[in-house]
Amino acid sequence: MTRKSEDAGRSTIRDVAARAGVSASTVSRVLGGVYPVSSQTRTRVLRAVRDLDYVADARAKAVAGVGTPTLAFVLEDITGPSFALMAHGVEREATRLGHLCLVCSTEGDVRNEVEFVEMMRAQRAAAVILVGGAADTSEYRERTRRMADSLASAGSRLVLCGRPPLGPGAPVTVIEYDNEGGAFALVAHVLAQGHRRVLFLGGKPDHTTAQGRERGFLAAHRARGLEPDPALLLNGDFTRDAGHRLMRGALKDGLDFTAVVAATDMVAAGALTALHEAGLDVPRDVSLAGYDDIPYARDLHPALTTVHVPYEELGRLAVRTALGRTTEAPAEHLLLGTHVVVRDSVAALPARP
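Residues numbered from 1 in each chain as written. Predicted model: local features only at pLDDT ≥ 70, side-chain atom pairs only at ≥ 80, totals over all residues. Heavy atoms only, no water.

**Focus: the packing of helix H2 (residues 13-20) against helix H4 (residues 39-52)**
1) Next: Packing of H2 against H4 brings their axes to within 8 Å, and their N-to-C directions diverge by 125°. When the axes of H2 and H4 are compared, the pair comes out oblique. The handedness of the crossing between H2 and H4 is right-handed. Only Arg44, Val45, Ala48, Val49, Asp51 and Leu52 of H4 make contact with H2, whose side of the interface consists of Asp15, Val16, Arg19 and Ala20.
2) Next: A class-by-class count of the residues in the contact of H2 with H4 yields six nonpolar, no polar and four charged. (Axes fitted to C-alpha atoms, helices over the stretch in contact; angles between N-to-C directions. Helix = DSSP H or I, 4+ residues; strand = E, 2+ residues; numbered from the N terminus. Parallel < 35°, antiparallel > 145°, perpendicular 65-115°, else oblique. Left-handed = near helix turned anticlockwise from the far one by under 90°. Contact = heavy atoms within 4.5 Å. Nonpolar A, V, L, I, M, F, W, Y, C, P; charged D, E, K, R; others polar.)

Printed below as a string of structure tokens:
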């Protein structure tokens, strides 16, 4: 088939406009993402893009002066410190390689995620990086596989960063860190200080990142022949407010514990405030540890023992790997290490008389 015949069968921006009942300039505004449009119009345009399998003409974009290659970074909450570190790594590496980096915060709405990926496909983005844990369900796998196939058909690539892999044959790159291993090492450190009643402030039960950290918590106990008290495993989310709320509830309920392991440093920060409000000293009365090693973990009082995750390197690696692969390349699964950072918030349990 010649190039001319391929182009003859390809949908145009006017086709999309006619299907959506808007002007071609409105389609350009929606796909460019730089001018405000109503949510109803945006939805109609993106549905037409999907129905017509529309992909923006790269030559037309170059003529219009918007030919800079684009890379998209999609995350749930841009205000999260760990996500911000990863975004920094993505942006720096994309810039170094001459790509424009677009960031989308979905606010946890799957529809926003799907629409943004469709928009990036239509814009011929070089790669789309999806970040953060998710519920590893059949619906998730089917939805993500469709996005991966759609991007691959347009010459793009999907990168899953800290997300559940899709299995063999999917045109994706998976980049993870040793989530469960980091939790295992952290809890092993706490147990080595003599603690046996360890409170775990976890995340959402169906969230894969939270599940991995809980598995590490349990495995570290069982490696020592211990079985954690189920009453000491609490679930919330990865925010400071969740840590504060869970810690206050544990103290109010009179739970017996000598140490606390929080699923994130933000959760640990909230728990630390609640412990201080209750008149308890860390680590003299209660030891406390977090996870992520976000920048201000060292500035808490006391400085927080935690697990270092190389978030910036994850972001840089996601860009390098995605841009160095063709759509015919097999899926890759890369794993980065984590390590415990020992500071001042965990102390040895005093011998009881």
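Alright, that's what it looks like, and here's the rest.
**Side note on the sheet that holds strand S2 (residues 100-105)**
1) Next: Ordered by their spatial adjacency, six strands build an open sheet running S2-S1-S3-S4-S5-S11, and the pairing between neighbours is parallel. Since the sheet does not close on itself, it has two edges, and those belong to S2 and strand S11 (332-336), each with one partner. Geometrically, the sheet is characterised by an average inter-axis angle of 20° between neighbouring strands, direction not taken into account.
2) Next: In this structure, strand S1 (residues 70-75) lies alongside S2, joined through six bridges in parallel fashion. Bridge pairing in S2 links valine 74 to cysteine 104.
3) Next: Against the sheet, helix H6 (residues 81-96) contacts S1, S2, strand S3 (127-131) and strand S4 (158-161), and its axis sits at roughly 175° relative to S1. (Pairing = 2+ DSSP bridges.)

**Examining the layout of surface pockets**
Take a probe with the size of a water molecule and roll it over the atoms, and the empty space left behind shows itself.
1) Next: Approximately 1,000 Å³ is the volume found for the largest pocket.
2) Next: Taken together, 42 residues make up the lining of the largest pocket; nearest its centre are Glu76, Phe83, Gly133, His207 and Phe238.
3) Next: Taken together, the elements giving at least two residues each to the lining of the largest pocket come down to H6, helix H7 (110-122), helix H8 (138-153), helix H10 (208-223) and helix H12 (265-277).
4) Next: At four residues, H6 tops the list of elements feeding residues into the lining of the largest pocket. (1 Å grid on protein atoms, 1.4 Å probe; cavity = no way out; pocket = protein on both sides within 12 Å on 5 of 7 lines; lining within 4 Å. Points joined across faces, edges and corners; volume = space filled by probe spheres on them.)

**Remarks on the sheet that holds strand S7 (residues 233-235)**
What holds strands together in a sheet is hydrogen bonding between their backbones, with the strands either parallel or antiparallel.
1) Next: Taken together, the four strands give an open sheet; going across it, the order is S7-S6-S8-S9, and neighbouring strands pair in parallel fashion. In the strand order of this sheet, the two ends are held by S7 and strand S9 (287-289), each with one partner. Along the sheet, successive strands turn relative to each other by an average axial angle of 15°, direction set aside.
2) Next: Both strand S6 (residues 198-202) and strand S8 (residues 259-262) contribute to a ladder of four bridges, which runs parallel. Looking at S8, one finds that leucine 199 is bridged to valine 260.

**Brief notes about the pattern of salt bridges**
1) Next: Applying the stated rule across the entire model yields 20 salt bridges.
2) Next: Across the salt bridge formed by arginine 222 and glutamate 227, the nearest N and O atoms sit 2.8 Å from each other.
3) Next: Looking at glutamate 227, the relative accessible area reads 57%, which means it is exposed.
4) Next: When the shortest N-O distance is used, the salt bridge between aspartate 241 and arginine 240 registers 3.1 Å. (Salt bridge = Lys/Arg side-chain N within 4 Å of Asp/Glu carboxyl O. Buried < 20%, exposed > 50% of the residue type's maximum accessible area, 1.4 Å probe, protein only.)

**Concerning the nonpolar core**
1) Next: Grouped together as the largest cluster of nonpolar side chains are 41 residues, with contacts concentrated most on Phe73, Ile129, Val131, Cys161 and Leu314.
2) Next: When residues of this core are sorted by domain, at least three fall in each of domain 2 (70-177 + 311-333) and domain 3 (179-309).
3) Next: What cysteine 161 contacts, discounting residues up to four positions off in sequence, is Met86, Ile129, Leu130, Val131, Gly132, Ile175, Leu314 and Ala318.
4) Next: Val30, Cys104, Leu166 and Ala170 belong to the second-largest nonpolar core, a separate cluster that totals 35 residues. (Core = buried A, V, L, I, M, F, W, Y, C linked by side-chain atoms within 4.5 Å. Domains from an automatic or database assignment.)

**With respect to the packing of aromatic side chains**
1) Next: As enumerated under the stated definition, the model contains two aromatic pairs in all.
2) Next: With a centroid separation of 5.9 Å and an interplanar angle of 75°, the aromatic rings of tyrosine 177 and tyrosine 311 are classed as edge-to-face. Taken together, the positions of tyrosine 177 in strand S5 (residues 172-177) and tyrosine 311 in helix H13 (residues 311-323) put the pair 134 residues apart, joining distant regions of the chain. Summarising the burial analysis for this pair, tyrosine 177 and tyrosine 311 share the class buried.
3) Next: With 4.8 Å between their ring centres and 35° between their planes, phenylalanine 200 and phenylalanine 217 make a pair best called tilted. Placement of phenylalanine 200 in strand S6 and of phenylalanine 217 in helix H10 is noted, with a sequence separation of 17 residues between them.
4) Next: You can call phenylalanine 217 buried: its relative accessible area is 0%.
5) Next: Against the face of tyrosine 291 rests arginine 213, its NZ or CZ located 3.7 Å from the ring centre. (Phe/Tyr/Trp six-rings, centres within 6.5 Å; stacked < 30°, edge-to-face > 60°. Lys NZ or Arg CZ within 6 Å of the ring centre and 35° of its normal.)

**What about H7?**
1) Next: The end-to-end C-alpha distance of H7, which contains 13 residues, comes to 19 Å, matching closely the 18 Å that a straight helix rising 1.5 Å per residue would cover.
2) Next: Those residues of H7 lying buried are Glu113, Glu115, Phe116, Val117, Glu118, Met119, Met120, Arg121 and Ala122.
3) Next: Looking at where H7 begins, the residue whose side-chain oxygen comes 2.9 Å from the main-chain nitrogen of arginine 111 is aspartate 109.
4) Next: Looking one or two residues beyond H7, the residue adopting positive phi is arginine 124, at roughly 60°. (Expected span 1.5 Å × (residues − 1). Polar contact = N/O pair within 3.5 Å; in protein donor to acceptor, adjacent residues only side chain to side chain.)

Just geometry here; none of it tells us what the structure is for.
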